[in-house]
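Analysis of the macromolecular model
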Amino acid sequence: MPVSHDRLQTILVDAVRHHQDGRLEEAEKLYRRVLRANPKHPDALHLLGVIAHQRGQNERARQLISDAIVLNDRDAAYHNNLGTVLLALHEPEAAAAALRRALALNPAYPEAHNNLGNALQALGRPDEAVHCYRRAARIRPTYAEAHANHGRALRALGDLAGAVTALQRAIALQPHYVTALKDLGDVLGESGRPGEAEARYRQALDVDPHDADVRAALAAAWEHASRLTEALAAAEAVLHHQPTHLRATVVAARCERRLGRPEDGLRRLGALHLDRLDPDSRAFASFELATIHDRLGNYDQAYPWFEAGNRLILASPAARVLDRDAFPKQVERVSQRFTSEWVASWTPPVPDSENAASSFLVGFPRSGTTLLDQVLDAHPLIATIEEKPMLDVVKHAIDADFGGYPDALATLTPDDLAILREIYHRETARYASAPPGGLLIDKMPLNAIDAGLIHRLFPDAKILLALRHPCDVVLSGFMQAFRPNLAMIQFGSLADTARLYVQVMALWRQYQALLPMQVITVRYEDLVADFSAEAARVLALLGVPWDDAVFAYADHARSRNISTPSYHQVVQPIYTRSIGRWRHYRSRLEPLLPMLQPYMDDFGYTRDGMTTRLLSPRPANNFH
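This write-up is about the structure you can find in this document. Remember, it's a predicted structure, so these values are computed and weren't measured experimentally.

1. A look at the overall build of the chain
Across its full length, the chain holds 32 helices and five strands. Counting only C-alpha atoms and orienting by the principal axes, one finds that the chain spans roughly 105 × 55 × 45 Å. Of all 624 residues assigned to the chain, the portion counted as buried reaches 53%. Sequence-distant contacts, at least 24 apart, represent 66% of the contacts inside the chain between residues at least 6 apart. Here the chain displays about 26900 Å² of accessible surface, and carbon together with sulfur accounts for 52% of that area. Averaging the coordinates of the 69 positive side-chain charges in the chain and doing the same for the 74 negative ones gives two points 4 Å apart.

Take a look at the structure:
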């Protein structure tokens, strides 16, 4: 006996109610009852497909929803849910097409905008995805998932501040949103706020104590804080239930390496199927594999893993949106401007007697700046600010209000200098202040390219220059998984790293030839070879009395958040294994030696080690 249309609608309404309440079996029975009466009922086919997707039966879901679309191509929900299924099947291109069809039918469909953003993220296009999430959130301001996804896309683009704002908005709307809490913890960790990061992870675990991703994130935070036993135990707890969990595996391997068991770390990583991982995950694992092979002396095996990790970083969304020529062009523009004639045209210098306690620590990345930073900060009369963009804020102000950087340096008046100094000191006050009667040191390695600006603003400031054998510096830079930005994107190959080193250090030599800067040169090798003597020399030149607290720099470092790749090195006692490491990779560096040789000569190094001669002659008021 045929079932009337009204009766079918009643059955369908009952089925939807069961479905919405999570009673999938009851809903499925009723959808099938509708289909027995009308095999071409598009709503029943579509909703059966939704149930199949909820059960993880995505191929069946694709077929059922596609059958519904054949019968009714004008329902935006059908296309949106097909897009969701295609994403689950790892077909983001097809998913994006389905979701665009949904939006063509209903432009004010927030879920479709959000899901299209997910498809674009999967395609490695977070810059486009952010627009989708913003549209979804504008249409429905209370859409927590859209805000959370927006935060993830911004993080992929390197906009950590924006990511924090978006994720905080998601959590304000949905306080028990575990994934958003975990992602916010990750971003806070990358932003240098480890305590807040751990608090977010614990908040997520209060909601779901068994979430493996959160527990692995907490293990990673503990490893970064050098709480290695706790970190390893937390990672192993995850791996007990999910033996192939990527983040837990890499954290466990890293802990094993740092605990002196690199073979165990290599064994753990060997169990991963890297070809099945997404690019970010492969990069994460590749650098740890490379580091362990390097530690074991397997240099021919380590180098290809470093190359692979760098290639993956260069192909990441955060790297692809960057202009790779921007930073070298910036350095070149400053270099061309700084001539003896131009410097001679400057308005007279104005001492900054009110803030004489400021000093600067610069040097090419991986030259030992973090070690020196920790040694100095351990002294009770010294506070260091680690890698904050205070000078960048000053440069932006010069560009906006004073005629542009670096050209405006020549014509700055005493009032201009006072304003710019106030901007700089206001920024530094956000992070730290000098101890009473002591020094504040701004540590930012690549501020070496702005030494001319430093000298113009603070002509009496002492600038500590960290040096290390150029070959070791270049190799070490290439071996780090730097977060992409305009400068760090230059470290993607050994040759590119060497070219950047030459450009930056050539500009530094130019500054030293032109300006009467007060420079304290600190060679990493000297600090490692005779820590007490070198630390005493540096402190004396800074005008700070000796204090035995500097011997406890490693313990002091454990109490600080260290955001640089050296975080795991500076909490160890002094070691020498990084000196001359480049010789293990000599065949890779050999083609680059001619361009690096002038800097070996100038800074007192040879191709086979360090010489004992003095550094090249410098202006009379430079320190040594």
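Moving on from the model shown.
2. Looking at empty space enclosed by the protein
Across all of its chains, the model carries three cavities of 30 Å³ or more by this definition. Considering only enclosed or pocket space, the largest cavity measures out at about 70 Å³ in volume. Taken together, Asn310, Ile313, Leu314, Gln480, Phe482, Pro484, Met488, Ile489, Phe491 and Gly492 make up the lining of the largest cavity. Here the lining of the largest cavity is built from residues that sort into seven nonpolar, three polar and no charged.

3. Brief notes about helix α17 (residues 279-295)
Between the first and last C-alpha of α17 there are 24 Å, a value that for 17 residues agrees with the 24 Å anticipated at 1.5 Å per step. Turning to α17, its buried residues are Ser281, Ala283, Ala285, Ser286, Phe287, Glu288, Leu289, Ala290, Ile292, His293 and Asp294. On its buried face, α17 is in contact with α15 (246-258), α16 (262-270), α18 (299-314) and α26 (470-478). Looking one or two residues past α17, Gly297 carries a phi angle of roughly 85 degrees, positive in sign.

4. Some remarks on the packing of helix α6 (residues 92-105) against helix α7 (residues 110-122)
Any two packed helices are characterised by the angle at which their axes cross and by the distance between the axes. The contact between α6 and α7 brings their axes to 9 Å, and the two run at 155 degrees. In terms of orientation, α6 and α7 fall into the roughly antiparallel class. As for the relative orientation of α6 and α7, their crossing is left-handed in sense. Judged by residue contacts, Pro92, Ala95, Ala96, Leu99, Arg100, Ala102 and Leu103 of α6 engage Ala112, His113, Asn115, Leu116, Ala119, Leu120 and Ala122 from α7. Residues of the contact of α6 with α7, tallied by class, amount to eleven nonpolar, two polar and one charged.

5. Focus: the pattern of salt bridges
With the rule as written, the count across this model stands at 41 salt bridges. For Glu190, the salt bridge identified is with Arg483, shortest N-O distance 3.8 Å. With Glu190 in helix α11 (residues 178-190) and Arg483 in the loop between α26 and α27 (494-514), this residue pair connects regions lying 293 residues apart in the sequence. The exposure class assigned to Glu190 is partly exposed, which follows from its relative accessible area of 25%. Under the relative-accessibility criterion, Arg483 is labelled partly exposed at 42%. Residue Lys443 pairs with Glu386 through a salt bridge whose shortest N-O separation is 3.7 Å. With Lys443 in strand β3 (residues 439-443) and Glu386 in strand β2 (residues 382-386), the pair connects residues that are 57 residues apart, well separated along the chain. The class for Lys443 is buried, based on a relative accessible area of 0%. One salt-bridge network, in which partners are shared between bridges, spans Arg152, Arg155, Lys182, Asp183, Asp186, Glu190, Arg247 and Arg483.

6. Notes on the packing of aromatic side chains
The full count for this structure, using the stated rule, is 20 aromatic pairs. Aromatic pair Phe360 and Tyr424: ring centres 5.8 Å apart, planes at 40 degrees, arrangement tilted. Of this pair, Phe360 sits in strand β1 (residues 358-362) while Tyr424 sits in helix α24 (residues 414-429), placing them 64 residues apart in sequence. Through pairs of rings, three or more aromatic residues link up here, namely Phe287, Tyr299, Tyr303, Phe306, Phe478 and Tyr585. Positioned over the ring face of Tyr143 is Arg140, at 5.0 Å from the centre of the ring. Over the face of the ring belonging to Tyr524 we find Arg468, whose NZ or CZ atom lies 5.1 Å from the ring centre.

7. Comments concerning the sheet that holds β1
Read from one edge of the open sheet, five strands run β2-β3-β1-β4-β5, paired in parallel fashion. Of all the strands in the sheet, just β2 and β5 (518-523) have a single pairing partner and so form its edges. The average undirected angle you get between the axes of adjacent strands in this sheet is 25 degrees. Note: β2 against β3, five bridges, orientation parallel. Paired with Ile382 across the strands is Leu439, a residue of β3. Contacts from helix α29 (residues 531-542) reach β1, β2, β3, β4 (462-467) and β5, with the element oriented near 170 degrees to β5.

Rules behind the numbers
Residues numbered from 1 in each chain as written. Predicted model: local features only at pLDDT ≥ 70, side-chain atom pairs only at ≥ 80, totals over all residues. Heavy atoms only, no water. Helix = DSSP H or I, 4+ residues; strand = E, 2+ residues; numbered from the N terminus. Buried < 20%, exposed > 50% of the residue type's maximum accessible area, 1.4 Å probe, protein only. Contact = heavy atoms within 4.5 Å. Areas by Shrake-Rupley, 256 points an atom, 1.4 Å probe, with all protein chains shown as cover. Lys, Arg positive; Asp, Glu negative; His and termini not counted. Charge placed at Lys NZ, Arg CZ, Asp CG, Glu CD. 1 Å grid on protein atoms, 1.4 Å probe; cavity = no way out; pocket = protein on both sides within 12 Å on 5 of 7 lines; lining within 4 Å. Points joined across faces, edges and corners; volume = space filled by probe spheres on them. Nonpolar A, V, L, I, M, F, W, Y, C, P; charged D, E, K, R; others polar. Expected span 1.5 Å × (residues − 1). Axes fitted to C-alpha atoms, helices over the stretch in contact; angles between N-to-C directions. Parallel < 35°, antiparallel > 145°, perpendicular 65-115°, else oblique. Left-handed = near helix turned anticlockwise from the far one by under 90°. Salt bridge = Lys/Arg side-chain N within 4 Å of Asp/Glu carboxyl O. Phe/Tyr/Trp six-rings, centres within 6.5 Å; stacked < 30°, edge-to-face > 60°. Lys NZ or Arg CZ within 6 Å of the ring centre and 35° of its normal. Pairing = 2+ DSSP bridges.

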